[in-house]
Every structure is written in structure tokens, then in C-alpha cells.
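Examination of the molecular architecture
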Amino acid sequence: MSRIWPFLGPAFVAAVAYIDPGNFATNIAGGAKFGYLLLWVILAANLIAMVVQTQSAKLGIATGKNLAEACREVFRRRTSVGLWIQAEIVAMATDIAEVVGAALGLNLLFGIPLFAAGLIAGAGAFAILALQQMGYRRLEAGITALVGVVILSFIVELFHAKPSGSEVASHLFVPGFGGTESILLATGIIGATVMPHVIYLHSALTQKRIVGRDDGERKRILRFEKIDVVIAMSLAGFVNLSMMMVAAALFHDSGLTGIDTIEGAFDGFKSLVSNNAATVFGIALLASGFASSSVGTMAGQVVMQGFIQRRIPIFVRRAVTLAPALVVLAVGINPTKALVGSQVVLSFGIPFALVPLLLITRRRDMMARWSTPAGSPPSSGCWRE
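A short tour of the structure in this document, coming up. (Residues numbered from 1 in each chain as written. Predicted model: local features only at pLDDT ≥ 70, side-chain atom pairs only at ≥ 80, totals over all residues. Heavy atoms only, no water.)

**A word on the overall build of the protein chain**
For clarity, the cut-off: The secondary structure listing takes helices from DSSP runs of H or I that are at least 4 residues long and strands from runs of E that are at least 2 residues long, numbered from the N terminus. Relative accessibility under 20% of the residue-type maximum defines a buried residue, over 50% an exposed one, and the middle range a partly exposed one, all with a 1.4 Å probe and only protein chains included. The contact rule is simple, with two residues in contact once any of their heavy atoms fall within 4.5 Å. Surface exposure here means Shrake-Rupley accessible area, sampled with a 1.4 Å probe, where a residue is shielded only by the protein chains that are shown.
Of regular secondary structure, the protein chain possesses 16 helices and 0 strands. Within the span of the protein chain, comprising 385 residues, buried residues form 58% of the whole. Relative to all contacts within the protein chain whose residues are 6 or more apart in sequence, the contacts with residues 24 or more apart total 82%. Surface exposure of the protein chain reaches about 15200 Å², of which carbon and sulfur atoms provide 65%.

**What to know about unusual backbone geometry**
In this model, K162 sits at a positive phi of 50°, which is unusual for a non-glycine residue. Here K162 is to be found in the loop between α7 (136-161) and α8 (165-172).

**Observations regarding α8**
In an α-helix, one full turn covers 3.6 residues, which means residues spaced three or four apart are oriented alike. The condition is simple: Directions pointing from the helix axis toward each C-beta atom define the arc.
Listed as buried for α8 are V168, H171 and L172. End-on, the buried residues of α8 take up no more than an arc of 100°, which puts them together on one face.

**Observations regarding the packing of helix α2 (residues 21-34) against helix α13 (residues 275-308)**
Where we set the bar: Lines fitted to C-alpha atoms define the axes here, with helix axes fitted over just the stretch in contact, and angles between the N-to-C directions of these axes take values from 0 to 180 degrees. Relative orientations are named as follows: roughly parallel for angles under 35 degrees, roughly antiparallel for angles over 145 degrees, roughly perpendicular for angles from 65 to 115 degrees, and oblique for any other angle. Residue polarity follows a fixed list, in which Ala, Val, Leu, Ile, Met, Phe, Trp, Tyr, Cys and Pro are nonpolar, Asp, Glu, Lys and Arg are charged, and the others, Gly among them, are polar.
Across the interface, α2 lies against α13 with an axial gap of 8 Å and an inter-helix angle of 135°. When the axes of α2 and α13 are compared, the pair comes out oblique. Taking contact as the criterion, the partners of P21, F24 and I28 in α2 are, on α13, F281, A284, L285, S288, G289 and S292. Classifying every residue of the contact of α2 with α13 gives 6 nonpolar, 3 polar and no charged.

**A short note on the packing of aromatic side chains**
What counts is decided by this rule: Pairing of aromatic side chains here covers Phe, Tyr and the six-membered ring of Trp, requires ring centres within 6.5 Å, and sorts the geometry by plane angle: under 30 degrees stacked, over 60 edge-to-face, intermediate tilted. We call a charge positioned over a ring when the NZ of a Lys or the CZ of an Arg lies within 6 Å of the ring centre and within 35 degrees of the ring normal.
The tally for this structure, following the rule as stated, stands at 7 aromatic pairs. Every member of this aromatic cluster is reached through a ring pair, and the members are F24, F154, F251, F269 and F281. In this structure, K162 is placed above the aromatic ring of F159, and the distance from its NZ or CZ to the ring centre is 5.1 Å.

**Describing the nonpolar core**
To keep it simple, the criterion reads: Only buried Ala, Val, Leu, Ile, Met, Phe, Trp, Tyr and Cys residues count toward a nonpolar core, and they belong to the same one when joined by side-chain atoms within 4.5 Å.
Counting 98 residues, the largest nonpolar core has F24, L38, I262 and F281 as the members making the most contacts within it. When residues in this core are grouped by element, the largest group, 14 residues, is from helix α11 (residues 215-251).

**What to know about the pattern of salt bridges**
Definition in use: Criterion for a salt bridge: a side-chain nitrogen of Lys or Arg within 4 Å of a carboxyl oxygen of Asp or Glu.
Applying the stated criterion across every chain, the model contains 2 salt bridges. As a salt-bridge pair, K33 and E181 come within 2.1 Å of each other at their nearest N and O atoms. Separated by 148 residues along the polypeptide, K33 in helix α2 and E181 in helix α9 (residues 180-193) bring together distant segments of the chain. Using a relative accessible area of 33% as the deciding quantity, one classes K33 as partly exposed. Accessibility expressed as a relative area gives 40% for E181, which makes it partly exposed. Note that K65 and E73 form a salt bridge whose closest N and O atoms lie 3.5 Å from each other. Classification of K65 by relative accessible area gives partly exposed; the value is 26%.

**Here we look at the environment of R310**
Take R310: it is sitting in the loop between α13 and α14 (314-331). Apart from residues lying up to four places away in sequence, R310 is in contact with M304 and Q305.

**A closer look at the environment of L354**
Its place among the elements puts L354 in helix α15 (residues 335-361). In this structure the C-alpha to C-alpha distance between L354 and Y200, which are 154 residues apart in sequence, comes to 9.5 Å.

**Points about α13**
This is how it is decided: What a helix is expected to span follows from its residue count: subtract one and scale by 1.5 Å.
Across its 34 residues, α13 extends 49 Å between first and last C-alpha, which sits within 8% of the 50 Å expected from 1.5 Å per residue. Buried residues dominate α13, accounting for 27 of its 34 residues. In the stretch just after α13, Q309 is the one whose phi turns positive, near 55°.

**Focus on the packing of helix α3 (residues 39-63) against α15**
Selection criterion: By convention, the crossing between two helices is left-handed when the near helix turns anticlockwise from the far helix through less than a right angle, and right-handed when the turn is clockwise.
The geometry of α3 relative to α15 is characterised by a closest axis approach of 10 Å and an angle of 50° between their N-to-C directions. Judged on the interaxial angle alone, α15 and α3 are oblique. Classified by chirality, the crossing of α15 by α3 is left-handed. Across the interface between the two elements, V52, Q55, S56 and L59 of α3 pack against L354, L357, I360 and T361 of α15.

**Structural notes on a nonpolar patch on the surface**
Which entries qualify depends on this criterion: Like-charged residues within 9 Å of one another, or nonpolar side chains (Val, Leu, Ile, Met, Phe, Trp, Tyr) within 5 Å, are grouped into patches, provided each residue has over 30% relative accessible area and no salt bridge.
A surface patch of nonpolar side chains, amounting to about 250 Å² of accessible area, comprises I85, I89 and V345. Following the sequence through the fold, V345 ends up in helix α15.

**A short note on the side chain of E157**
The residue E157 is located in helix α7 in this model. Each residue touching E157, except ones within four places of it in the same chain, is listed here: V246, F269, A277, V280 and F281.

**As for the environment of S203**
Rules: What qualifies as a polar contact is a pair of N or O atoms within 3.5 Å, subject to a donor-acceptor requirement within protein and to the restriction that residues adjacent in sequence count only when both atoms come from side chains.
You can see S203 is positioned in helix α10 (residues 196-207). Spatially, the C-alpha atoms of S203 and L59 are 6.1 Å apart, while their sequence positions differ by 144 residues. Contact partners of S203, with chain neighbours within four places excluded, come to S56, L59, G60, K65, N66 and L67. A distance of 2.9 Å separates a polar side-chain atom of S203 from the backbone nitrogen of L67.

These results come straight from atomic positions and should not be treated as a statement about function.
Below you can see the structure in the form of C-alpha cells.
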């Protein structure tokens, strides 16, 4: 364990995005409306996320570049600019989910009006980002602690909900849908689980963290990073599955109205379980919002610096990206609908991060002996010659 410990951390930071408030919205809605039916979507998306995050970490370790920098180097300028604009839109959608989620947590726990709660959520993200100035280990420790709060919270909720083991086993491995709305929710679940902005961020977290002196050392680093990914993504998958199982067990047949929203779930915990269970749920939502908000800002900084070689102070970026979320809160858009909608937007952004990642990691000129057996792509079209 002492050999592995120095390499653990990057995947835990990335995993925060896999249990952000958007996951709360889609998983709670999916479980409340369709019971255990969509558990297989979460499992499949989480397995895909493990592969994707491993490839992203591999790119950073092998090349010393993050995905945005590699795209700028490999693709033509027009393609890079297009990818950058799309990535900024994704970052904006991500920020909406994270800030709205944290604000909703404050509103449910303390009765703070949503707009004021959004300002407090932004300030909380500033505080977490300040840890970055004190070294990556402290930032990772702070974010991992918040992840731990979310995990412990849902262990408690599982104890209260007592989901059906036979129903879980039946739907965890057997695909199925229950109409158009279930397909929309499944799309949101995928967008909330395979997060495009974290594909960029993970490569940045590994590119200079521990630098290998040769291919042998870099491959050993990657082996340890794979362990980091498996542990972190498994925990994130457990939380996502727990969210849906709890919602399915408690809310699917409860007869309560509005239970498929986060606010409805909070009230449902109060009426069906206890005030303490509702408080635990609110704390988990708040911890998730604070942690994922800071991670989203870090990802946005990586995207801008990598694609267009421009860097603005991270606190300025946090202030700018806070604006769309505050607008959503100010105009009174339903928070849960805003969260689900943002995750659907994210799902459409997945190919624009995933395809470049796969194309670049199979190029022999970029990855040397690390490339896949398929060989390098042709030097034509959108590729620079």
C-alpha cells in the first residue's frame, strides 16, 4: 500500500464529477419514476467511465500533455477552436448543475433563498480552490473528504431504504426501457456519469504530477494510476447505484407527488423515513455541489489554457462561470429540471472529448510504444501534416 499511496488522488478528483448534483437529479428521478429499471444504465456508464478515465490518465503520463494541449498540437486550428468552443459550452452546463445543486442543498437544509444560496455556493467553491495554492495534495485531500461525506451518507440511506436484492439483480445486468421519458433520463444519466470536462481534466492531473524518466517508469506509473481509477470509479459507481436504489425502494410506489425531484426526495425522506434521513441527504447534496463546483472550474481552466494558450486567474474564471447558474436561480427555473437538462447537454458533449482522446492515444508519433495495435491514423483531413 505504501508503494501505491503516492499515486492515488487524480482519479478521486475526477470522480467528484461522477457524483455531482446532476447525478442526484437523474438518479433520483430515474428511481422514483421507473424503480430499478435503469440500474443497468448506471453500471454500463460507470464501466465505460473507467476505460475513458484510464485513457485520459495514460495520455497525460505518456506525453506530458493534457488532452486540450494534444488537440491543439495534432488537429488543424479550425478543429481545435471548434472543440474549444464546444468544451466551454459543456463547462457552462456543468457549472449550472454544480452551483444549482449546492444552492439547493443550502436551501433544503437551512431555508436560505436559492439566489443567496447560489452566492454562498460560489464562495464555498472559492474556498476549496484556495487549497490548490497550497499544493495538489491538500486539494486532493479536501475533495476526497467531501467525496467521503457523500459515500457515507448513502450508506446510511441504503440502511434505511432496504432495497430489494432480487430487483437489483434483475435490472442491474438486463437492459430495458419504460417509454420515451425513460430514454431521456437514461441519456441524462450517461451525461451525468461520463463527464466530458473531466476527460480533459484527468489528463492534466497526471501530466506533471509524477514524471517518469523513461517508458518503463511511465508504464509503472500508469499501472498504479489504473488502481487509482478502479478504486475511485468503483466508489462513484456505488454512490450512483445507491441513489437510484434508495429512490426506487422508498419513492417508486409511495404515492407521493413530486417525489421525482430533489426537493420532493428531501420531503419524501422526512415523511417516509425521518428528519435525520432528510438531513443526511441534504448534507450529501451540499458536499457534492461544493466539491464538483471546484473541479468544474479547474477543468475549464485546463480547457482554455490547452486549446488557446490563454490563462486567466482561476478565481476570476470561477466568478464568470458562476453567472449562468445565478441567472437560472434568479429567474426561478425549477432546479431539478435545470439539473436534468444540463446533464442531457453534457451527454451530447461526450463524443467531442472522447473521439479526440481515442484518436490521439492511438497515434504512434504521440504515444510511441504506448499506442494501441490499430496503429496511427492517416496524416490527412483534420490532422496536421
